[in-house]
Amino acid sequence: MAGTAFYTSCNLGKCCLVLKTHNTRTLAGKKLAQCQMRRNFTIKAEVEFVTADKAKELVAVKGFNVLDVRDKTQFERAHLKTCYHVPLFVENTDNDPGTFLLRTVHNNFSGLFFGIPFTRPNPDFVKSVKSQISPETKLLVVCQEGLRSAAVANKLEEAGYQNIACISSGLQTVKPGTFESVGSTELQNAGKAGLVQIQGKISAVLGTVLICAYLFITFFPDQAEKLIQLVPGG
């Protein structure tokens, strides 16, 4: 039939086969249910989530490079001796009224108690990674708790990286000596800071004192009673 043509029409990921006749009428063909048609076909990477011991094997045996995506403060406290560092979040130093207010509230609460800096998403994250690491590189992405590395894995998939692994639950699960590290603390403790860390130490000391006092009273009751009698009455 003169003027007749077939073509596909796609909308929201669903495609139809359309017949266009010479008198410009169109007849929709049977829908190709859930057909994901793309002009360029790509292979989606599959992220591998591994334990700290398995991660060590990936680096030492299989040639994986390490990408640390934690913020600057955690990275400086402890990081793997050989790694790339591109933070997913960077410190927010903007001084507009809204940001200034949020930063003040943050610093007086989360920042003070947990030692967490006031940050914002790194707008140049993928660009920075690509400038240092080619998409063909085998990458072990690490963060402190495992959440940021999982988010990064998705970003890098979309950017064309095909061989990605992450440590389940992050560096906080890494035992001392698993990796050669640099910094003032162990990798698993790099996320601990602020008053919570100090409070934890105080609680540990107080608990030790109370246990010693209990044992002293239990095994040396006479001496304990004499000590109690020496305490001035209220």
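Residues numbered from 1 in each chain as written. Predicted model: local features only at pLDDT ≥ 70, side-chain atom pairs only at ≥ 80, totals over all residues. Heavy atoms only, no water.

(A) The arrangement of the overall build of the protein chain in detail. The helix and strand inventory of the protein chain stands at eight helices and 12 strands. Split into buried and exposed, the 234 residues of the protein chain put 29% on the buried side. In the protein chain, once contacts between residues fewer than 6 apart in sequence are set aside, the share between residues at least 24 apart is 62%. On the protein chain, roughly 15,800 Å² of surface is accessible, and the fraction owed to carbon and sulfur atoms is 59%. (Helix = DSSP H or I, 4+ residues; strand = E, 2+ residues; numbered from the N terminus. Buried < 20%, exposed > 50% of the residue type's maximum accessible area, 1.4 Å probe, protein only. Contact = heavy atoms within 4.5 Å. Areas by Shrake-Rupley, 256 points an atom, 1.4 Å probe, with all protein chains shown as cover.)

(B) The arrangement of the side chain of H79 in detail. Tracing the chain through its elements places H79 in strand β6 (residues 78–80). Note on H79: relative accessible area 15%, which makes it buried. A distance of 2.8 Å separates the side chain of H79 from the backbone oxygen of F75, its partner in a polar contact. Every residue in contact with H79, bar those within four places of it in the chain, is listed here: D68, R70, E180, S181, V182 and L187. (Polar contact = N/O pair within 3.5 Å; in protein donor to acceptor, adjacent residues only side chain to side chain.)

(C) The sheet that holds strand β4 (residues 48–50), seen in detail. Spatially, β4-β11-β10-β5-β7 is the arrangement adopted by the five strands of the open sheet, whose pairing is parallel. Two strands bound the open sheet, and with one partner strand each, they are β4 and β7 (84–85). One ladder, built from three bridges, connects strand β10 (residues 139–142) with strand β11 (residues 164–167); its direction is parallel. What sits directly across from V141, in β11, is C166. This element, helix α6 (residues 147–158), spans β4, β5 (65–68), β10 and β11 of the sheet and lies at about 175° to β11. (Pairing = 2+ DSSP bridges. Axes fitted to C-alpha atoms, helices over the stretch in contact; angles between N-to-C directions.)

(D) Broad picture of the state of the cysteines. All chains considered together, the criterion is met by zero disulfides. Free of any disulfide, C143 has its nearest cysteine sulfur in C166, 7.8 Å distant. Exposure remark for C143: the relative accessible area of 1% places this residue in the buried category. Classification of C166 as buried rests on a relative accessible area of 0%. (Disulfide = S-S within 2.5 Å.)

(E) Quick peek at the packing of helix α5 (residues 125–132) against α6. Two elements in contact, α5 and α6, have axes separated by 11 Å at closest approach and are oriented at 70°. The pairing of α5 with α6 is recorded here as roughly perpendicular in orientation. Helix-helix and strand crossings are classified by hand; for α5 and α6 the assignment is right-handed. Seen from α5, the contacting residues are F125, V126 and V129; seen from α6, they are V152, K155 and L156. Along the lines of polarity and charge, the residues of the contact of α5 with α6 split into five nonpolar, no polar and one charged. (Parallel < 35°, antiparallel > 145°, perpendicular 65-115°, else oblique. Left-handed = near helix turned anticlockwise from the far one by under 90°. Nonpolar A, V, L, I, M, F, W, Y, C, P; charged D, E, K, R; others polar.)

(F) How the structure looks around the pairing of β5. The pairing of β5 with β10 spans four bridges and is classified as parallel. Paired with L67 across the strands is V141, a residue of β10. Where β5 lies against β7, two bridges are found, and the strand directions are parallel. In the sheet register, D68 faces β7, and the bridge partner there is H85.

(G) Spatial organisation of unusual backbone geometry. Unusually for a residue other than glycine, S169 sits at a positive phi of about 65°. Looking at where S169 falls in the secondary structure, it is placed in the loop between β11 and β12 (181–183). For S169, a relative accessible area of 38% gives the class partly exposed.

By themselves, these figures tell us nothing about what the structure is for.
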